[in-house]
Amino acid sequence: MSKLYISMYHYVRDLKHSRYPEIKGLDVSLFRQQIEFMKEHFSIVTMEQVIDAVERKVALPENALLLTFDDGYESNYTELLPILEARGMKATVFMVANSIGREKYLSWEQLKDMQHRGIEIGSHTANHLPLTEMDMETARNEVKLSKLLMEWNGVDTIYTLSYPNGKYTTELRDMLKEEEYLAAVTGDAGLNTLDTDTY
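Because the structure is a prediction, the values reported are computed rather than measured.

Even after reading the chapter, I still don't get the layout of surface pockets, so can you show me in this structure?
If a probe the size of a water molecule is rolled over the atoms, the empty space left behind becomes visible. When its volume is computed, the largest pocket comes out at roughly 560 Å³. Contributing to the lining of the largest pocket are 30 residues, with Ile6, Val185, Thr186, Asn192 and Thr196 lying nearest its centre. Elements with a minimum of two residues in the lining of the largest pocket: β1 (3-9), α2 (47-56), β5 (64-71), β9 (183-185) and β10 (192-193). Of the residues assigned to the lining of the largest pocket, the class counts are 16 nonpolar, ten polar and four charged.

Here it is in structure tokens:
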């Protein structure tokens, strides 16, 4: 039985010299240590590999680990990307679509460059509002707008989503399928297998 570990991050930066000390984050030196440990003990996989393994019922590498980064902070480009590239590692960045180009966040150019350099881009909705706290029509607009906005601006097909605050319902999972998403990540703790629901 293939096991899949998922490690979720948000903000990786030099904490001592941060322009935004009010935002909690992981110091880049500690992140490097964690990445070195992961590279030695795990097989880093992508969302695409996971989805393919589930659909074709083929095993993932031993100790498969998926790296994800929520929100789409600019440090994903300036700090994260060079660290991963130097080690031949991949990750998925889940972007809040309406934050693109704002201060602290990735620009369109950075987002597309990351994708062209092997980082997968997914949706973190349009406005990072908890989908479980709104009606289904509003929730649908959040996931639909995020996908369309990024694709219309030159980002390759968006087919994965990270639920804001990690919260979801059965109705939301069904809606994502209708909106042509192939998988989503939650805030639930636990070990994943190929039998775990991909939404």
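What should I look at first to understand the nonpolar core in this one?
Generally speaking, nonpolar side chains in soluble globular proteins are found buried as a group. Counting 44 residues, the largest nonpolar core has Phe31, Leu67, Phe69, Leu111, Ile121 and Met150 as its most contacted members. Looking at this core, the elements with two or more residues in it are α1 (28-41), β5, α3 (75-86), β6 (92-95), α4 (108-116), α5 (136-152) and α6 (170-178). Residues contacting Ile121, with those up to four places away along its chain left out, are Val93, Met95, Leu111, Gln115, Met150, Val155, Ile158 and Thr160. Formed by 15 residues, the second largest nonpolar core is a distinct cluster that contains Leu60, Ala64, Leu66 and Val185.

Please clarify how the packing of α5 against α6 should be interpreted in this entry.
Any two packed helices are characterised by the angle at which their axes cross and by the distance between the axes. Two numbers describe how α5 lies on α6: the axes approach to 11 Å, and their chain directions differ by 45°. The angle between the axes of α5 and α6 places the two elements in the oblique class. Here α5 and α6 pass one another in a crossing that is right-handed. Of α6, the residues touching α5 (which contributes Met136, Ala139, Arg140 and Val143) are Glu171, Leu172, Met175, Leu176 and Glu178. When grouped by side-chain class, the residues that make up the contact of α5 with α6 number six nonpolar, no polar and three charged.

Basis of the calculations
Residues numbered from 1 in each chain as written. Predicted model: local features only at pLDDT ≥ 70, side-chain atom pairs only at ≥ 80, totals over all residues. Heavy atoms only, no water. 1 Å grid on protein atoms, 1.4 Å probe; cavity = no way out; pocket = protein on both sides within 12 Å on 5 of 7 lines; lining within 4 Å. Points joined across faces, edges and corners; volume = space filled by probe spheres on them. Helix = DSSP H or I, 4+ residues; strand = E, 2+ residues; numbered from the N terminus. Nonpolar A, V, L, I, M, F, W, Y, C, P; charged D, E, K, R; others polar. Core = buried A, V, L, I, M, F, W, Y, C linked by side-chain atoms within 4.5 Å. Buried < 20%, exposed > 50% of the residue type's maximum accessible area, 1.4 Å probe, protein only. Contact = heavy atoms within 4.5 Å. Axes fitted to C-alpha atoms, helices over the stretch in contact; angles between N-to-C directions. Parallel < 35°, antiparallel > 145°, perpendicular 65-115°, else oblique. Left-handed = near helix turned anticlockwise from the far one by under 90°.

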